[in-house]
Every structure is written in structure tokens, then in C-alpha cells.
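A structural walkthrough
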Amino acid sequence: MSGEEDPSTAGALRVRRRPDRTRAAVLVLHGGREQSSGAARPWQLAALRMHPFLRAVAAATGRDDVLLGQVRYRSRGWNGAAAEPLRDTRRALAELCGLVGDVPVVLLGHSMGGRAALRAADAGPVCGVVALAPWCPPGEPVAQLRDRDVLVLHGDRDRVTDPAESAAYVVRARAAGARAGMLLVANGDHAMLRHPALWHRTATAAVAHLLAPETAPGEPFVRALAAAEPPVLRAARRTSSDPASGPVREPGC
């Protein structure tokens, strides 16, 4: 096995695209499990789930000046107070700074990766976080989000992480000084298999705006920041790429 695939021999930053001149960067963080000492591997479902988001962000941000990378976890689990994915995220940010200097960074994380992204928002280069179905248990800290831009997307049929806990988290983040908002994806599941185009499009638009805040944000982003209750996003119509509605269950976060 190559060092690229082995988290015990590789760094925490996996660069997917590096431009000649880097103005900003996006780091993608996949999900995992509440408890697991098993090694995180790039072929596991949690990692594969983020590939469409990587492709969408790559297409939306162009190739001239935005670095695109992933955080490589050493293990699959959050593992209590060890908060191992958070430690890996901070290592990846340090490696990124050593590689391209102090550039603005947007973190895009799903589930456990969303929790790690939100926790790491106090790192100097981080300017914003887009969290997809994040794991936000009661009591999760929010002080680190002060003066940060945060958008949470959560499916209203998620049975793995709780959209109500995400909504409560956003309220506390706002009180702590974050520019935070949340959007509910109607009939959305944790794996983001229902209405995938809606998930990809909304997350990518938010990332693109956070990378270039001088541009006008999309209408859903504006609604999320302004609304007292999370606005609901609905797919215009069911497409052939959307699985039929039904329970989608998968252990993990």
C-alpha cells in the first residue's frame, strides 16, 4: 500500500488540486463514526460520499487560484475527548499554511467532518464553514465561531444526526457572534442520496460565495442568515438520479 493511502505514513492534508498561485483554499472533511480505532481509508463509504462535492466545488471555483484538498483522518472515530478528526483537521490546516502560506480557507464537512470543521473554525486562516448534516450534540462549543460565516444544511429526515440539534447549535452560534444560518432539505436523508443535485448545488454556491465574499450570495444563503427558523429547500422535481423515497440507514456519523 502506498503512503498516499496509509494514514499512518501520510500527512493530514491530501491536495486534490494545487494552482500555480493560491489565493484561497477549500478543505473537504468526510464523516466517520462516534467510536472507532480502525484506520480511515479513502475507499470507505464516508469518504466516497464526498467525491461529488469535490467535483462540484472544483467546477465552481475554477482552476486558477483555489487549492482544493481533503483532510486525511488517522482513524474513523471521533473517540470522545480525543476528538481525533479535529486534531487531524488542525494538522491539515498547519500543513496547508506551510505549503501555500496564510490564505483564506473554507471548510466543507459532512456529519463527523462537519463537527470537526465547526470546531476548527477558530484556526487563523478559516473564514467560513459549510456543514452538511453535522453532528452537533448538546453542549458543543460555539465560541470559536465568533466572526465566522457558517451555513448548515440538514435533511429533515435524517436519522443519524439530528436536524433539531443543528438548529439549536446555529441559534447558539449566532449568540456567540457568528454569522450563521441553516437550511433544511425537504425529504433529505443523512447520506444525501435524496435530491443530490440540490445538496451539491447549494453547498457549492455557499463555498463559492465564502471564497469571494464581495460577490452577491445566493438567495438560499441570504434566507438562511436572516431567518429565525431554518428555511426549507425543496427540489423542483424528482430526477432519474434521485433514489425513490424511503428509509436510508447507515451507522456512523
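Overview of the structure. Please read these numbers as outputs of a predicted model, since none were measured by experiment. (Residues numbered from 1 in each chain as written. Predicted model: local features only at pLDDT ≥ 70, side-chain atom pairs only at ≥ 80, totals over all residues. Heavy atoms only, no water.)

The tally for this structure, following the rule as stated, stands at 9 salt bridges. The closest approach of N and O atoms between R90 and D122, which form a salt bridge, is 3.1 Å. Here the residue R90 occupies a position in helix 3 (residues 84-100), and D122 occupies one in the loop between helix 4 (112-119) and strand 5 (126-132), the gap between them amounting to 32 residues. Its relative accessible area of 34% is what places R90 among the partly exposed residues. With a shortest N-O distance of 3.0 Å, E140 and R115 are connected by a salt bridge. In this pair, E140 is assigned in the loop between strand 5 and strand 6 (149-155) and R115 in helix 4, connecting sequence segments 25 residues apart. R115 carries the same exposure label as E140, and that label is buried. Ionic contacts of the salt-bridge type, sharing partners, join the residues R21, R23 and D65 into one network. (Salt bridge = Lys/Arg side-chain N within 4 Å of Asp/Glu carboxyl O. Helix = DSSP H or I, 4+ residues; strand = E, 2+ residues; numbered from the N terminus. Buried < 20%, exposed > 50% of the residue type's maximum accessible area, 1.4 Å probe, protein only.)

A large share of strand 2 (residues 24-29) lies buried, amounting to 6 of its 6 residues. Of the two faces of strand 2, the one holding A24, V26 and V28 and the one holding A25, L27 and L29 are both buried throughout. Across 5 bridges, the pairing between strand 2 and strand 3 (residues 66-71) is parallel. When the sheet's bridge partners are listed, L27 is paired in strand 3 with G69. (Pairing = 2+ DSSP bridges.)

Packing of helix 3 against helix 4 brings their axes to within 9 Å, and their N-to-C directions diverge by 55 degrees. In terms of orientation, helix 3 lies oblique with respect to helix 4. Regarding helix 3 and helix 4, the two cross each other, and that crossing is right-handed. Counting all contacts with helix 3, which are made through P85, L86, T89 and R90, the residues of helix 4 involved are M112, A116 and R119. (Axes fitted to C-alpha atoms, helices over the stretch in contact; angles between N-to-C directions. Parallel < 35°, antiparallel > 145°, perpendicular 65-115°, else oblique. Left-handed = near helix turned anticlockwise from the far one by under 90°. Contact = heavy atoms within 4.5 Å.)

Turning next to helix 6 (residues 196-211). The end-to-end C-alpha distance of helix 6, which contains 16 residues, comes to 22 Å, matching closely the 22 Å that a straight helix rising 1.5 Å per residue would cover. The buried fraction of helix 6 is high, at 12 of 16 residues. By the burial criterion, the buried members of helix 6 are P196, L198, W199, H200, T202, A203, T204, A206, V207, H209, L210 and L211. (Expected span 1.5 Å × (residues − 1).)

It is worth spelling out the packing of aromatic side chains at this point. Two aromatic rings are characterised by how far apart their centres lie and by the angle between their planes. Inspection of the entire model under this criterion finds 1 aromatic pair. In this structure, R115 is placed above the aromatic ring of W78, and the distance from its NZ or CZ to the ring centre is 4.2 Å. The aromatic ring of W135 is capped on one face by R115, whose charged end is 4.3 Å from the ring centroid. (Phe/Tyr/Trp six-rings, centres within 6.5 Å; stacked < 30°, edge-to-face > 60°. Lys NZ or Arg CZ within 6 Å of the ring centre and 35° of its normal.)

Glancing now at the environment of V103. Within the element layout of this structure, V103 appears in the loop between helix 3 and strand 4 (105-110). Note: C-alpha distance between V103 and V66 (37 residues apart in sequence) is 9.7 Å. Each residue touching V103, except ones within four places of it in the same chain, is listed here: T22, R23, A24, A25 and P125.

L27, L93, L96, L107, L118, V129 and L145 are the most contacted members of the largest nonpolar core, which totals 43 residues. Looking at this core element by element, the count peaks at 5 residues for helix 3. Apart from residues no more than four positions distant in its own chain, L145 is found in contact with L118, A121, V150, Y169, A173, G177 and A178. (Core = buried A, V, L, I, M, F, W, Y, C linked by side-chain atoms within 4.5 Å.)

Bringing the side chain of D88 into the picture now. Mapped onto the fold, D88 is located in helix 3. On the accessibility criterion, D88 (1% relative accessible area) is buried. Within the structure, the side chain of D88 is placed 2.8 Å from the side chain of R74, a separation counted as a polar contact. Discounting residues that sit within four places of it in the chain, D88 has contacts with A12, V71, R72, Y73 and R74. (Polar contact = N/O pair within 3.5 Å; in protein donor to acceptor, adjacent residues only side chain to side chain.)

What follows concerns unusual backbone geometry. Of note, A83 is a non-glycine position whose phi angle comes to about 45 degrees, a positive value. With respect to the helices and strands, A83 occurs in the loop between strand 3 and helix 3. With phi around 65 degrees, D147 is a residue other than glycine that occupies positive phi space. By relative accessible area, D147 is classed as partly exposed at 46%.

Purely spatial values, then, with no claim about function.
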